[in-house]
Each structure stands twice: as structure tokens, then as C-alpha cells.
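# Structure at a glance
As a plain string of letters, each chain reads:
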Amino acid sequence: MRWWLILLLFLGLGLAAPLTHGPRERPQIALTFDLDMTPGMLRMLRQGKVASYDHSELYRFLEQSGVKATFFLTGLWIETYPEEARRLAQNPLFELANHSYSHPGFAQPCYGLPAVSVREKPGEILKTQALLAGLGVNNHYFRFPGGCYSPDDLALLSRLGLVAVHWDVAGEDGGERRPEAIVRRVLSRVQNGSIIVLHGQGGPRLPATLLALESLVPALKARGFALVKLSELIP
Ligand SMILES: [Zn+2]
């Protein structure tokens, strides 16, 4: 074996890849929602081109249905909707986690997300940790925007005491107008231990997420899955 391959393997073993699912033995799954907010989205909001990124109908649906969920919040979203963030934090059905401050792509290219310098990366993580702490949340989980990261980013995260949590089932609800397509994607991929990712910030790019959820939740329960919070799935 070539020396550089051995070195790569050695380095790779030292860093845990993002968790994408929990144990496959039990019929438990976690429904997770990313609450994205980029500076560009904030501009659209301030210019009145987008009415709101507070998808309160979706949160109320989960509350009223007694559905446990985990929200990965960007710091910009928390700062824009502090009251809603507090309400989510105080509901025992919900768990809150870190999705960066301004939703940049930690590795490039990343679906058109803006880049972030090495020097700014710790701040992108720590500012949102502080905002979560301000809501009374002692968070251990981080999700890279767009799922984009480098080995250095994983090392940074572990130095900061956080675990990278991604997903094994993507509803691909961004830009999707057909709720049934989201439902079909999730139901065809879900299995024991799955972490499902959808988006919870609403707005014009996510017109079908709530409608999908209204049929997805009963369908998942009918299949015998228990919907649990992330910390219950991966303790
Ligand atoms: Zn995101």
C-alpha cells in the first residue's frame, strides 16, 4: 500500500463522519427540519419580496399532532424570529440544534451557498451555540448547510465538542410543488433508525412541505415507526 494511502486512512479513522442514522434494530425515526436563513433571504424579507420565513402553521401542526421533531436552526433565523424560537425551545416535543449562523457552504461548491473563510468558521458555529444557549438549549449537534464539509471542518466541530448530524432520508422539499412527491421519496427510503431531513423555514421555496407532512406523519405511524427526538434516536 502506498504511504499516502496509509496516511489518508489513518487521518480518516481519527475523524467521525457525520451521523446519518440511528440504530437499525428498532422502529424509531427522527423527523428533522432545517430552518435556513442566508443574508440573501434576509434581504428578500426586508425588501418585502418574501412575506415570512416563520412557518408557524407547520410548527402548530406538529404541536397539535403531538409529533416529536428536531429543528436545526441558523442563527440568523433565531435573531429574526426570537419569540418563535423561544416557543419552539420551550416545547418538550421539540429539540433544537445548530445549523450555522448564516448558512454558508463550509466546502465549495455547495449548491450556490456563499463560501466562508477558515477564520470565520468557528464564529459561524459558536454564534448560534450562544443564541441556542440564550434560549436555554444545551446543544450537542451541528448540521453543515447543504451537507458540505471538509475533514478540517469535522476536526473543528469535534474540537468545539459538537457532533455532525446529517440524514439518510432527504424529502428534497426545496423547490418541490408536489406534496405527494415529497411523501413518496420519504416513504420509499425510510427504514429503522432513519433521520429524515425537511425544511421548516417555509417561504416561497417550500410550498409543499406542510401539505406533505399532513399525510406523511400518519403514513409513517401506520408503518409502525415511532417518531422521536434526535437525542432519543442517537443517545
Ligand atoms: Zn440548510
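Description of the structure in this document. Note that the coordinates shown come from a computational prediction; the quantities given were computed from them, not determined experimentally. (Residues numbered from 1 in each chain as written. Predicted model: local features only at pLDDT ≥ 70, side-chain atom pairs only at ≥ 80, totals over all residues. Heavy atoms only, no water.)

### Topic: the state of the cysteines
For the coordinates displayed, the defined rule picks out one disulfide. Put simply, Cys 110 and Cys 148 are joined by a disulfide, and their sulfur atoms are 2.1 Å apart. In this structure the cystine formed by Cys 110 and Cys 148 twists about its S-S bond by roughly 85 degrees; its chirality is therefore right-handed. In this pair, Cys 110 is assigned in the loop between strand S3 (94-98) and helix H6 (121-134) and Cys 148 in the loop between strand S4 (141-142) and helix H7 (151-159), connecting sequence segments 38 residues apart. Comparing Cys 110 with Cys 148, the two get one shared label, buried. (Disulfide = S-S within 2.5 Å. Helix = DSSP H or I, 4+ residues; strand = E, 2+ residues; numbered from the N terminus. Buried < 20%, exposed > 50% of the residue type's maximum accessible area, 1.4 Å probe, protein only.)

### Observations concerning unusual backbone geometry
Glycine aside, negative phi is the norm for most residues, and most peptide bonds take the trans geometry. With an omega of -5 degrees, the peptide bond running from Gln 108 to Pro 109 counts as cis. With respect to the helices and strands, the residue Pro 109 is situated in the loop between S3 and H6. In this model, Tyr 111 sits at a positive phi of 50 degrees, which is unusual for a non-glycine residue. Tracing the backbone shows Tyr 111 in the loop between S3 and H6. Although it is not a glycine, Glu 172 adopts a positive phi angle of roughly 50 degrees. Following the sequence through the fold, Glu 172 ends up in the loop between strand S6 (169-170) and helix H8 (179-189). Owing to a relative accessible area of 42%, Glu 172 belongs among the partly exposed residues under this scheme.

### Things to note about the packing of H6 against H7
Packing of H6 against H7 leaves a shortest axis separation of 11 Å and a crossing angle of 40 degrees. For the element pair H6 / H7, the angle class is oblique. Where H6 crosses over H7, the handedness of that crossing is right-handed. Judged by residue contacts, Lys 121, Pro 122 and Ile 125 of H6 engage Asp 153, Leu 156 and Leu 157 from H7. Per-class residue counts for the contact of H6 with H7 are four nonpolar, no polar and two charged. (Axes fitted to C-alpha atoms, helices over the stretch in contact; angles between N-to-C directions. Parallel < 35°, antiparallel > 145°, perpendicular 65-115°, else oblique. Left-handed = near helix turned anticlockwise from the far one by under 90°. Contact = heavy atoms within 4.5 Å. Nonpolar A, V, L, I, M, F, W, Y, C, P; charged D, E, K, R; others polar.)

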